[in-house]
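Spelled out, the chains give:
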Amino acid sequence: MIYVFKTSVDSQAKFESASVLLDQLLPESQWNFDLEDCDNILRIDSELDIPNLILNNGIFDCIELE
């Protein structure tokens, strides 16, 4: 399933912190950020229940988009 989130990841430093977290939480999933988008979109392709894993992650804010 593909999940799409609006995030607060708007700099290289935030991207690097988020990347470490996502690699740890989602080792079997594919993810990417679109930092050129005004909403700093994060897309995750995974079979896991992603919203429960990352919504309150402590590194970056995110809101699931429908």
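The structure under discussion appears in the preceding block.
Remember, predicted model here, so these are calculated numbers, not experimental data.

1. Focus: the packing of aromatic side chains
Consideration 1: Applying the stated criterion to the full structure yields four aromatic pairs.
Consideration 2: A centroid spacing of 5.7 Å and a plane angle of 75° characterise the contact between phenylalanine 15 and phenylalanine 33, whose relative ring orientation is edge-to-face. Placement of the pair is phenylalanine 15 in helix 1 (residues 12–25) and phenylalanine 33 in strand 2 (residues 30–34), with a sequence separation of 18 residues.
Consideration 3: Owing to a relative accessible area of 24%, phenylalanine 15 belongs among the partly exposed residues under this scheme.
Consideration 4: Looking at phenylalanine 33, the relative accessible area reads 13%, which means it is buried.
Consideration 5: Put simply, the rings of Phe15, Trp31, Phe33 and Phe60 touch in pairs and so form one group of aromatic residues.

2. So, the pattern of salt bridges
Consideration 1: The full count for this structure, using the stated rule, is two salt bridges.
Consideration 2: Among the ionic pairs, aspartate 39 bridges to lysine 6, the shortest N-O distance being 3.8 Å. Highlighted residues: aspartate 39 in the loop between strand 2 and strand 3 (41–45) and lysine 6 in strand 1 (residues 2–7), separated in sequence by 33 residues.
Consideration 3: Here aspartate 39 falls in the partly exposed class, since its relative accessible area comes to 23%.
Consideration 4: Residue lysine 14 pairs with aspartate 10 through a salt bridge whose shortest N-O separation is 3.2 Å.
Consideration 5: Residue aspartate 10 is classed as exposed on the basis of its relative accessible area of 52%.

What counts and how
Residues numbered from 1 in each chain as written. Predicted model: local features only at pLDDT ≥ 70, side-chain atom pairs only at ≥ 80, totals over all residues. Heavy atoms only, no water. Phe/Tyr/Trp six-rings, centres within 6.5 Å; stacked < 30°, edge-to-face > 60°. Helix = DSSP H or I, 4+ residues; strand = E, 2+ residues; numbered from the N terminus. Buried < 20%, exposed > 50% of the residue type's maximum accessible area, 1.4 Å probe, protein only. Salt bridge = Lys/Arg side-chain N within 4 Å of Asp/Glu carboxyl O.

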